[in-house]
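An overview of the molecular structure
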Amino acid sequence: MTEHLFSYGTLQLESVQRSQFGRLLEGTDDVLTGYGVIEIQIRDPAVLDASGIETHRALVPDADAPPIPGKVFRLTAAELAAADTYESENYRREQVVLASGTAAWVYVKA
């Protein structure tokens, strides 16, 4: 079964994709509305090693925020579980509907 995952941040990085999924993902452009972007500090050593970045973006509900561009990736259930591990305690996964009408998972601030 294929899962759709909307990425607005580090899951778009080649280094993160290779470390988490063992491959590069092909994504399509899409847009998410209804959320704003904040920055959070990452302390998980495995996440820091994969991304090389201490400050990551995180979503919070905000109906007035500008649309957020990103990529939709098609993942297997095992790859989605790997993404859950990567996002760790900083995020939770929610189902959203993107501007294209695609239903996708997205990680928001926990």
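Read on for a plain summary of the structure. (Residues numbered from 1 in each chain as written. Predicted model: local features only at pLDDT ≥ 70, side-chain atom pairs only at ≥ 80, totals over all residues. Heavy atoms only, no water.)

This part takes up the overall build of the protein chain. The secondary structure content of the protein chain amounts to three helices and seven strands. In sequence order, the protein chain lays out its α and β elements as β-α-β-β-α-β-β-α-β-β. Scaling as 2.2 N^0.38, a compact globule of 110 residues should have a C-alpha radius of gyration of about 13 Å, and the protein chain matches this with 13 Å. Burial status across the protein chain gives 40% buried among its 110 residues. Counting contacts in the protein chain only where the partners sit at least 6 residues apart, residues at least 24 apart contribute 71% of the total. (Helix = DSSP H or I, 4+ residues; strand = E, 2+ residues; numbered from the N terminus. Rg over C-alpha atoms; globule rule 2.2 N^0.38 Å. Buried < 20%, exposed > 50% of the residue type's maximum accessible area, 1.4 Å probe, protein only. Contact = heavy atoms within 4.5 Å.)

What follows deals with the packing of aromatic side chains. Considering all chains together, one arrives at zero aromatic pairs under this definition. Sitting over the ring of Trp 105, Arg 93 keeps its end group 4.4 Å from the ring centre. (Phe/Tyr/Trp six-rings, centres within 6.5 Å; stacked < 30°, edge-to-face > 60°. Lys NZ or Arg CZ within 6 Å of the ring centre and 35° of its normal.)

Relative to the elements of secondary structure, His 56 occurs in strand β4 (residues 55–61). In this structure His 56 comes out as buried when scored by relative accessible area, which is 2%. In this structure the side chain of His 56 is engaged in a polar contact, spanning 2.9 Å, whose partner is the backbone oxygen of Ile 53. Those residues in contact with His 56 that sit more than four places away from it in its chain are Thr 10, Ile 38, Glu 39, Ile 40, Ile 42, Val 47, Ser 51, Tyr 86 and Tyr 91. (Polar contact = N/O pair within 3.5 Å; in protein donor to acceptor, adjacent residues only side chain to side chain.)

No statement about biological role is implied by the geometric values presented.
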